[in-house]
Amino acid sequence: MKNIGYLAQDISILHRQYYKDTREEFNEINLNPTAACILLAVSDYENISQNQVARSLVIDKGLATREINKMEKLQYLTKTDGAGKTKILNLTKEGQSVVETVQTIRSQWWEDRFAKSGITPDSPLVSSIEAVVSTIVGPINEN
């Protein structure tokens, strides 16, 4: 059995390959994979703040802000004032349409990878990875 420490390297390989393989498809909708993940987070959680998006994706707040500002200019999402300095994010109609495309791109890539490897979506591997991620990210609703 391979040392568990190599798991991080293997996950990084998957991450980089996903970005490489999907770059052109995301470019067609004026997104990069990080921006696509932000849109998915906004779609998944009603009234999510910029800070919650950054925390849920484990990305720098500055990067989140830059990508969110780009998507606001593309009219994919809107920002509204929340409590204090908090900015609440919501998808526009066009953003909702783009999210559907993003979900298709992401799902197809993973379905292809799973099919090639023989792993099914209900594999214990999937729930194990989700469990580890939840220890890092925690609940989205907390500030």
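Everything below is about the structure shown above.
Rules used throughout
Residues numbered from 1 in each chain as written. Predicted model: local features only at pLDDT ≥ 70, side-chain atom pairs only at ≥ 80, totals over all residues. Heavy atoms only, no water. Helix = DSSP H or I, 4+ residues; strand = E, 2+ residues; numbered from the N terminus. Rg over C-alpha atoms; globule rule 2.2 N^0.38 Å. Buried < 20%, exposed > 50% of the residue type's maximum accessible area, 1.4 Å probe, protein only. Contact = heavy atoms within 4.5 Å. Areas by Shrake-Rupley, 256 points an atom, 1.4 Å probe, with all protein chains shown as cover. Lys, Arg positive; Asp, Glu negative; His and termini not counted. Charge placed at Lys NZ, Arg CZ, Asp CG, Glu CD. Core = buried A, V, L, I, M, F, W, Y, C linked by side-chain atoms within 4.5 Å. Patch = residues over 30% accessible without salt bridge, like charges linked within 9 Å, V, L, I, M, F, W, Y side chains within 5 Å. Salt bridge = Lys/Arg side-chain N within 4 Å of Asp/Glu carboxyl O. Pairing = 2+ DSSP bridges.

Asks: Explain the overall build of the protein residue by residue, including any values.
Replies: Looking only at helices and strands, the protein has six helices and three strands in total. Walking the protein from its N terminus toward its C terminus, one meets helices and strands in the order α-α-β-α-α-β-β-α-α. Here the C-alpha atoms of the protein give a radius of gyration of 16 Å, agreeing with the 15 Å that 2.2 N^0.38 yields for 143 residues. With respect to the principal axes defined by its C-alpha atoms, the protein has extents near 50 × 35 × 25 Å. Counting over 143 residues, the protein shows a buried share of 29%. In the protein, once contacts between residues fewer than 6 apart in sequence are set aside, the share between residues at least 24 apart is 56%. For the protein, the accessible surface area stands at approximately 9,600 Å², while carbon and sulfur atoms represent 52% of it. Here the protein contributes 16 positively and 18 negatively charged side chains, and the mean placements of these two sets differ by 8 Å.

Asks: So what's going on with the nonpolar core? Residues and values would help.
Replies: Within the largest apolar cluster, 27 residues are counted, with the highest numbers of intra-cluster contacts made by Phe-26, Ile-29, Leu-31, Leu-39, Val-42, Met-71 and Val-102. The set of elements that each furnish at least two residues to this core consists of helix H1 (6-28), helix H2 (33-44), helix H3 (50-57), helix H4 (61-73), strand S3 (87-91) and helix H5 (93-117). Among the elements that make up this core, the one with the highest residue count is H2 (seven residues). If we skip the residues at most four places from it in the chain, Val-42 touches Ile-48, Val-53, Leu-77, Leu-89, Asn-90 and Leu-91.

Asks: Which residues make up a nonpolar patch on the surface, and what values go with them?
Replies: On the surface, Ile-119, Leu-125, Ile-129 and Val-133 cluster together into a nonpolar patch covering about 290 Å² of accessible area. With respect to the helices, strands and loops of the structure, Ile-119 is situated in the loop between H5 and helix H6 (124-137). Given the relative accessible area of 30%, Ile-119 is considered partly exposed.

Asks: Could you give an account of the pairing of S3, with specific residues and numbers?
Replies: With two bridges joining them, strand S1 (residues 48-49) and S3 adopt antiparallel strand pairing. Residue pairing for S3: Ser-49 is matched across the bridge by Ile-88. With five bridges connecting them, strand S2 (residues 77-81) and S3 associate as antiparallel partners. Following the sheet pairing, Thr-78 is matched in S3 by Asn-90. Hairpin connection of S2 to S3: five residues between the antiparallel strands, including Gly-84 at a positive phi of 60 degrees.

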